[in-house]
Structures are given as structure tokens and as C-alpha cells.
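One-letter residues, chain by chain:
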Amino acid sequence: MDNKLYIAKGENPLYLLPQMANRHGLITGATGTGKTVTLKVIAESFSAIGTPVFLTDIKGDLAGLCSPGLSNVKLEERISALGLSDFNYQAFPVEYWDVFGQQGLPVRTTISEMGPLLLSRLLNLNDVQTGVLNLVFRIADDMHLLLLDLKDLRSMLVYVAEHASDYTVQYGTISKQSIGAIQRALLVLEEQGGDLFFGEPAVDVRDFMRTDPNGMGMINILACDRLFQSPALYSTFLLWLLSELFEELPEVGDPDKPRIVFFFDEAHLLFEDAPDVLMDRIEQVVRLVRSKGVGVYFVTQNPIDIPDKILGQLGNRVQHALRAYTPRDQKAIKAAAETFRQNPNYAVDRVITELAVGEALVSFLDEKGRPSVVERAFILPPRSLMGPIDPVTRQGMINGSAYRGKYEQSVDRESAYEYLQQKYAREQADAREAAEAKQEEKARKARARDRDDDYRPTRRGRQPDSALEKMGKTAINTLGTSFTRQLVRGLLGSLLKK
């Protein structure tokens, strides 16, 4: 069966080949030029061939994928102009997700699964603080403690700070100032709603890889209107999700079609202020995740938003109009034009500024993995509803989810926080027992001294002499003194006579 994805039409129909779809892709263009429509058309096409999709909905206008589109004048004109005689509106199977659990099923992960590298980026830590956070994770591992939510990490930070001197020799110096900085960053994250993101049950990425009873791929829509207000949390979540797929899925080589395709809107946020070690990690994941059957499509305004090492791995390109208002815009146009396989019929850098809304420069990989010559074409109209849906419809979809009951209720099992609280309680109880034992020993010794004093014989003091005794003693002393003087005189007289 021919599964080619009909995406756009210029002089000829332009197809995205499913067997090349896991070579990743890029959708770029200025605001209002049609990037969202392109994303939606490609997502619908993947779903139609049974490939699940995960996408981020920042503005809320992708939620309508669950409902058939509504005809209007502009759509009918585009359908007629492109000669789409068999075009029909239709709904697609949709699963709604939301980190905050308000517009979809909750999405959670644990502190341990996030890891110190991504968590450092989320908390905006410097190198020293990142090193301390790595040590905290290592100590938790050595103590066999689970770090599931924010209170686990806070408790572990307090414990490490109190025992910093004990770990200096084995792990290196642990600065209490760095511990304090990490604690303050955690408070900021909690205020942004990060406490809802960390916990259990953690989402299983395989739950995104489902088809409906008709064999159509499930389109997983992550509500991001609130999440996007915290760019660090938004971008770190997407990086974690990509890393989780890389870690969890087995190797499949080059399948006939992707196992799942991810669309990351506002992709520039993934790379802003990312340290070198994280950039290396992103590059590695993007380069290797295609062997897991995963296609990654970045959506952003300018191609220069994507680092060159990653941009070179994005084989399927859709470039909407760019405007040359600033030197940076001119640089972006030149960079975009140079990445295409040039068409001899026109200058690509000039055409980029002339494209109408819904029109794009398109280059997909051919059967041998080579980029096709870039062509100017109009993107097909979407078949589903373009725009948001009402809350009642959304809630009905959530209530009918196959995963309802699996993720709604958070679970707080015993982990680092509970263990350390019990440890502190035991230590305090031991300290109280030791203090009480010491006090009892002191009291016992005091009682023993009192008993010894009761049984010791009483010493009687010397009694004063009576008057008669005093007279006798005086007479004896006087006689003794007279006798002594006489004796001395006798001796001296005899000596002198001689």
C-alpha cells in the first residue's frame, strides 16, 4: 500500500515518505505565515497511516484535531485551487495531556528520572551548584534512597548539608552556600507549578504510542498555554521527554514508518542558554533516536534558532516566509536559503521573502535519503477543526480516555523524605534516651553519696580546757621553762671556768 504523505502542491504534488520521516524535520517561518497549519497537516497525515503523534499546543488552536473541520470560503478556494477532488473533513483520535492536570491527563515524572543534568538546567544553576547537585544525587544512590518529588530533594539537600564534613573525603567539598542556592531555586520552581510535575505515577512514554480501533495513530496534545509561561519548565520537559524515549525504546533500525513523531513548537527555547554538556546530550539524542523509530520535528521562526550540529540532521524541511526587517532577519534568510538543495528556476533567498500565507519552500528526502530540489508550493488545508474546542468537549474526551484512572490520583510512596524523617525521629529518640540515662546516672550517684554520709562515724571536735586544767598546764609550762634556763646557765658557767 502506498503510504506517501501528501503535504503540499506546487507544480507537482510533494510527498513526505514515511520510511524517511524518522530522519527528522524542520518547520520554520515568521509569525502568521502558516507554520501551525503545516504542523497540523503533517500530524494528520501521520495519524492516518497509523503513526502516533505527540505535539505541544501553545495557543490552543491544535485542540480541534478531535473534531471535523468546518467549511469556509478560504478553505474551499484553497481546495479548488489545489484540485483536491477527494478532500473530506474528518476528526482524528486525540488524547489530551497537561502538566498541571487541568486541560488533560496529568503528566508527571520523578526527580530521579529527570536527573541532575536536566534539573540543573531547569533550576538555572551555575557550574559549582550543578556539581553539588550531582553529589546529592550520588549520595542518594549510595544510600539507596528514591528521589521522587520536590520534598524528597529538599530533605536530601538538608541531610547532605548537615553531614557535609562526613562526605568531604569521599565526594569532595560540599558548600552549604550552594545547597542554599539550590533550595531557593526549588522554591521558585514550586511557585511555577513544578511541584505538580514531579511525583508519581510517572507517565509511561509508551502510553503515547497507541492506535485507535480503526488503526489510526493517536494524536497526543500537550496543553501548553500555562506551561509556556515558564519557558525553563517547558523546554526542560520536552528535553526530558526526548531523552526518555531514547532511553526506553529498543532499537528498530529504519522502519517502514516511524513508531512515533514528536513536534516541538517554539524549539528555540530548547537551546537558549543551554550549557555545552547539555547541548552535547541533545545532539546525541537527536542523532541516535531515529534508530528507535522516532521522528523529531522542530518548529520555530528562524533556522538559525537551531544549532548547526542539530540543524544538519533535519532532512525534511518546510520553510515559510521570512521578513528581512533587521540584519538578523537577513542572516536568517541567507542561512535558510543555503541549507536547501537549490532550484535552478529561482533564487531561494529572494523567494523566501515573497511567499504568501500558507505557501512554503519544501524539500523532503527521497527514497535514497537525499534532499529533493527545493520547490515552491502551497500546503494542503487541514481536515480537522482549525481552532480551540469548548471545555465541555475537551472534558468529555478526557473522561473517555483509555488512561483515565491511571494518572489522575497522585501517589506518595515511601522515599527519601519519609526515610530521612524516620531517621531524624530515631536520632532524636536516641538523643532523648541518652540524655535521660545521663540524668538518671547523675541522680543515682547523688543518692549513693547521700547514703555514704549517713553511715560514716561522726567526728567530735576538741573540747575546750577547764579552769583547773588551764592552771595545771600553766604551772607545768612555768616549771619547765625555769628548769631549762637553769640548765643552760650551769652548762655555760662550767665552760667559761674552763
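Note that the structure is predicted; figures quoted are calculated from it, not measured. (Residues numbered from 1 in each chain as written. Predicted model: local features only at pLDDT ≥ 70, side-chain atom pairs only at ≥ 80, totals over all residues. Heavy atoms only, no water.)

### A short note on the overall build of the chain
Applied cut-off: A run of DSSP states H or I qualifies as a helix once it reaches four residues; a run of E qualifies as a strand once it reaches two. Both are numbered from the N-terminal end. Radius of gyration means the value over C-alpha atoms here, while the globule rule gives 2.2 Å times the residue count to the 0.38 power. Relative accessibility thresholds used throughout: buried, under 20% of the residue-type maximum; exposed, over 50%; partly exposed, between the two (1.4 Å probe, protein chains only). When checking whether two residues touch, look at their non-hydrogen atoms; a contact exists if any pair is within 4.5 Å. Here, Shrake-Rupley sampling with a 1.4 Å probe gives the accessible areas, and only protein chains in the shown set may cover a residue. Counting rule applied: Lys, Arg positive; Asp, Glu negative; His and chain ends not counted. A charged residue contributes its charge at one atom only: NZ of Lys, CZ of Arg, CG of Asp or CD of Glu.
Secondary structure summary: the chain contains 17 helices and twelve strands in total. At 42 Å, the chain has a C-alpha radius of gyration far larger than the 23 Å of a compact globule built from 498 residues. Each of the three principal axes of the chain carries a C-alpha extent, and together these read 165 × 55 × 40 Å. Taking all 498 residues of the chain together, 48% fall into the buried category. Counting only contacts in the chain whose residues sit at least 6 apart along the sequence, the fraction spanning at least 24 positions is 78%. Accessible surface computed for the chain: about 25700 Å², of which carbon and sulfur atoms make up 52%. In the chain, the 60 positive side-chain charges and the 66 negative ones have mean positions that sit 13 Å from each other.

### Quick notes on the side chain of glutamine 183
Topologically, glutamine 183 is positioned in helix 7 (residues 176-191). Classification of glutamine 183 by relative accessible area gives buried; the value is 17%.

### Describing the environment of glutamate 414
As for its placement among the helices and strands, glutamate 414 is situated in the loop between helix 15 (391-399) and helix 16 (416-455). For the pair glutamate 414 and leucine 70, spaced 344 residues apart in the sequence, the C-alpha separation amounts to 51 Å. With residues near it in sequence (within four places) discarded, glutamate 414 still touches Leu146 and Gln422.

### Some words on the packing of helix 3 (residues 111-123) against helix 9 (residues 231-248)
To characterise two packed helices, one gives the angle between the axes of the helices and the distance between these axes. Filter applied, for reference: Fitted lines through C-alpha atoms serve as axes, helices being fitted only where they are in contact, and the angles separating the N-to-C directions of these axes extend from 0 to 180 degrees. Note on angle classes: values under 35 degrees are labelled roughly parallel, values over 145 roughly antiparallel, values of 65 to 115 roughly perpendicular, and the remainder oblique. Crossing chirality is assigned from the near helix's rotation relative to the far helix, an anticlockwise turn below a right angle marking it left-handed and a clockwise turn marking it right-handed. All amino acids are sorted into three groups, where Ala, Val, Leu, Ile, Met, Phe, Trp, Tyr, Cys and Pro are nonpolar, Asp, Glu, Lys and Arg are charged, and the leftover types, Gly among them, are polar.
Packing of helix 3 against helix 9 brings their axes to within 10 Å, and their N-to-C directions diverge by 150°. As far as their axial angle goes, helix 9 and helix 3 are roughly antiparallel. Our pair here, helix 3 against helix 9, has a crossing hand that is right-handed. Contact with helix 3, carried on its side by Glu113, Met114, Leu118, Arg121 and Leu122, involves Ala232, Leu233, Ser235, Thr236, Leu239, Trp240, Ser243 and Glu244 of helix 9 and no other residues of that element. Looking at the contact of helix 3 with helix 9 residue by residue, the classes come out as seven nonpolar, three polar and three charged.

### Re the pairing of strand 11 (residues 359-363)
The following threshold applies: Should DSSP find at least two bridges between two strands, the strands are taken to pair.
With five of five residues buried, strand 11 lies mostly within the body of the structure. Because side chains alternate across strand 11, one face comprises the buried residues Glu359, Leu361 and Ser363, and the other comprises Ala360 and Val362, equally buried. Note that strand 10 (residues 316-319) and strand 11 share three bridges and pair antiparallel. The residue bridging glutamine 319 from the neighbouring strand is leucine 361, located in strand 11. Where strand 11 lies against strand 12 (residues 375-379), four bridges are found, and the strand directions are antiparallel. If you follow valine 362 over to strand 12, its bridge partner there is glutamate 375.

### A few points about helix 2 (residues 73-81)
Definition in use: In protein, a polar contact requires one atom able to donate a hydrogen and another able to accept it; more generally it is a pair of N or O atoms within 3.5 Å, and residues adjacent in sequence count only if both atoms are side-chain atoms.
At the N-terminal end of helix 2, a side-chain oxygen is found 3.2 Å from the backbone nitrogen of lysine 74, two or three residues along, and the residue is asparagine 72. Positive phi shows up at glycine 83, right after helix 2, with a value of about 65°.

### Details of the sheet that holds strand 9 (residues 294-300)
Here we have twelve strands laid out as an open sheet, ordered 2-1-12-11-10-3-9-8-4-7-5-6, and mixed in their pairing. Whereas interior strands pair on both sides, the edge strands pair on one side only; in this sheet they are strand 2 (13-16) and strand 6 (105-106). With four bridges joining them, strand 3 (residues 25-28) and strand 9 adopt parallel strand pairing. Residue pairing in the sheet places glycine 25 in a bridge with tyrosine 297 of strand 9.

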